[in-house]
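Here is how the chains run, residue by residue.
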Amino acid sequence: MTVYNIALIGFGGVNRALAELIAAKSQLWERELGFRLNIVAVSDLYLGSVVSPNGLDAKTLIEAKFEKGGFGQLSGGNAEADNETIIKMAPADIIVEATFTNPTDGEPAVSHCRWALETGKHVVTTNKGPVAIAAQALKALATANGVRFEYEGAVMSGTPVIRMAQKTLAGAELKGFEGILNGTSNFVLGRMESGLDFASAVKEAQELGYAEADPTADVEGFDVRLKVVILANELLGAKLKPEDVTCKGISGLSLSDIEQAAKAGSRWKLVGSAVRNDDGSVTGSVAPRRLGLDHPLAGVNGATNAVSLDTELLGAVTITGPGAGRIETAYALLSDIVAIHSAGAPVIAAEAA
Ligand SMILES: NC(=O)C1=CN([C@@H]2O[C@H](COP(=O)(O)OP(=O)(O)OC[C@H]3O[C@@H](n4cnc5c(N)ncnc54)[C@H](O)[C@@H]3O)[C@@H](O)[C@H]2O)C=CC1
Ligand SMILES: N[C@@H](CC=O)C(=O)O
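Residues numbered from 1 in each chain as written. Chains lettered and ligands numbered in written order. Predicted model: local features only at pLDDT ≥ 70, side-chain atom pairs only at ≥ 80, totals over all residues. Heavy atoms only, no water.

- The name given to the chain in an unreviewed UniProt entry is Homoserine dehydrogenase, and the organism recorded there is Rhizobium herbae.
- Per UniProt, the chain has the following entry under Sequence similarities (unreviewed entry): "Belongs to the homoserine dehydrogenase family." (UniProt positions renumbered as here; feature names shortened; annotations may be inferred.)

This is how it looks when you write it as structure tokens:
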């Protein structure tokens, strides 16, 4: 049985959900996936940090009601987050990066990924910042150090879009895509259709674990802009930076705009898209669009996302599924670890079953 030692950087909704899954599903994963995950370190801005080379009990981590700096009470604990030491020194095979997404420069998550890869550790992340802003450099660093940089959850949470498009649509000649790529804003628009005001709808999305720490990123389109950059660069071979993508969010839409659209048999959706131009360049954009009810994206509701990939050989191929949520996003991290495992990754914690 292979055991992967993992270090969790950030212990909010997503990494806590991964710990919940580890506590509940370890035996199933051992049987079906052929590996076990052993949490050897956690570092969180609010809770502090803790290292235990033999492993921390996932159930204890999720059930204890830690206050600010609470990891300091644990054996091997410290009331402060110590990301750099933990990433570089903890006996981890895989660093699981799930701190806040910084849509401006991706930091400090870019550094977290870099420290991990430089010290020969795989990285799995749901953080859109490092992927949108530094994927090329981080992938090169991973290759140079014989490890993997995986980030399926950065777009559409646990719904497989990046790996699926790269692997199963290889050769289909992607020309562009358009999609609903932010669960929070789609949820908010739906709640406004039911008559709820904007601020209350955003609050609900926060309570459900869909929104960013600063939900401005969701409602102003900055989160979708990062996802458009990631998909365009990964799938269309573009070299876009966030500032190359025009961006408008949904905060300007009023209840009356939403009502008028409904009366006219249409619906507002925040759409992220990119297209390959005749000269080979790629143009990306994010904007609210009023879609007729017969449009394939008009029926995508709640925190569900969908992306329609425009291919030369197949026409439109649409992938739909959860776009946000704690467990859904933690699943993306698991899928990244499965990809690492399937590639035959070397581990420092291999054990005989
Ligand atoms: N929640 C979701 O549905 C999805 C989230 N994501 C991304 O996954 C990441 C994590 O999301 P959530 O867990 O929902 O966020 P969250 O806000 O619940 O948790 C983030 C955690 O990271 C910690 N943190 C922030 N900066 C830190 C730092 N420098 N060092 C150590 N800890 C730090 C915070 O204290 C917090 O506990 C974010 O980047 C988010 O954009 C991606 C897809 C879906
Ligand atoms: N806040 C984001 C989370 C996933 O990326 C969203 O609502 O889609």
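## Quick look at the UniProt feature "domain: Aspartate/homoserine dehydrogenase NAD-binding" (unreviewed entry) in the chain
Here is step 1: Sites flagged by UniProt as "domain: Aspartate/homoserine dehydrogenase NAD-binding" (unreviewed entry) map to residues 10-152.
Here is step 2: Spanning residues 10-152, this segment combines 42% helix with 18% strand, and its end C-alpha atoms are found 18 Å apart. (Helix = DSSP H or I, 4+ residues; strand = E, 2+ residues; numbered from the N terminus.)

## Considerations on the site of ligand 1
Here is step 1: Close to ligand 1 lie 25 residues, the nearest being Asp44, Thr99, Thr126, Glu212 and Gly325.
Here is step 2: Contacts to ligand 1 include Gly13, whose backbone N or O atom sits 3.0 Å from an oxygen atom.
Here is step 3: One of the side-chain N or O atoms of Thr101 is found 2.7 Å from an oxygen atom in ligand 1.
Here is step 4: For ligand 1, whose free accessible area comes to 840 Å², the fraction covered by protein is 88%.
Here is step 5: At the level of secondary structure, the elements contributing two or more residues to the shell around ligand 1 comprise helix 1 (13-32) and strand 2 (35-44).
Here is step 6: Tallied by class, residues from the shell around ligand 1 come to 8 nonpolar, 14 polar and 3 charged. (Near = heavy atom within 4 Å. Polar contact = N/O pair within 3.5 Å; in protein donor to acceptor, adjacent residues only side chain to side chain. Areas by Shrake-Rupley, 256 points an atom, 1.4 Å probe, with all protein chains shown as cover. Nonpolar A, V, L, I, M, F, W, Y, C, P; charged D, E, K, R; others polar.)

## Some points on the environment of Ala172
Here is step 1: Residue placement: Ala172 occurs in the loop between helix 6 (162-168) and strand 8 (174-180).
Here is step 2: On the accessibility criterion, Ala172 (7% relative accessible area) is buried.
Here is step 3: In this structure, the C-alpha to C-alpha distance between Ala172 and Asp310, residues 138 residues apart in sequence, is 9.3 Å. (Buried < 20%, exposed > 50% of the residue type's maximum accessible area, 1.4 Å probe, protein only.)

## What to know about the sheet that holds strand 11 (residues 282-292)
Here is step 1: With mixed pairing, 6 strands are arranged side by side in an open sheet as 9-11-10-8-12-13. Edge strands, defined here as strands with exactly one partner in the open sheet, are strand 9 (246-247) and strand 13 (315-322).
Here is step 2: The sheet contact formed by strand 10 (residues 266-276) and strand 11 spans 11 bridges and is antiparallel. Residue Arg267 lies in a different strand from strand 11, and its bridge partner there is Leu291. (Pairing = 2+ DSSP bridges.)

## Considering the sheet that holds strand 5 (residues 94-97)
Here is step 1: Read from one edge to the other, the open sheet built from 7 strands follows the order 4-3-2-1-5-6-7, with strand pairing classed as mixed. Looking at the sheet topology across the chains shown, the edges are occupied by strand 4 (77-78) and strand 7 (149-150).
Here is step 2: The pairing of strand 5 with strand 6 (residues 122-125) spans 4 bridges and is classified as parallel. If you follow Ile95 over to strand 6, its bridge partner there is Val123.
Here is step 3: Against the sheet, helix 4 (residues 109-118) makes contact with strand 1 (2-9), strand 5, strand 6 and strand 7, and its axis sits at roughly 175° relative to strand 5, the strand it touches most.
Here is step 4: In this fold helix 12 (residues 326-342) packs onto strand 1, strand 2, strand 5, strand 6 and strand 7, with an angle of close to 150° to the strand it touches most, strand 6. (Contact = heavy atoms within 4.5 Å. Axes fitted to C-alpha atoms, helices over the stretch in contact; angles between N-to-C directions.)

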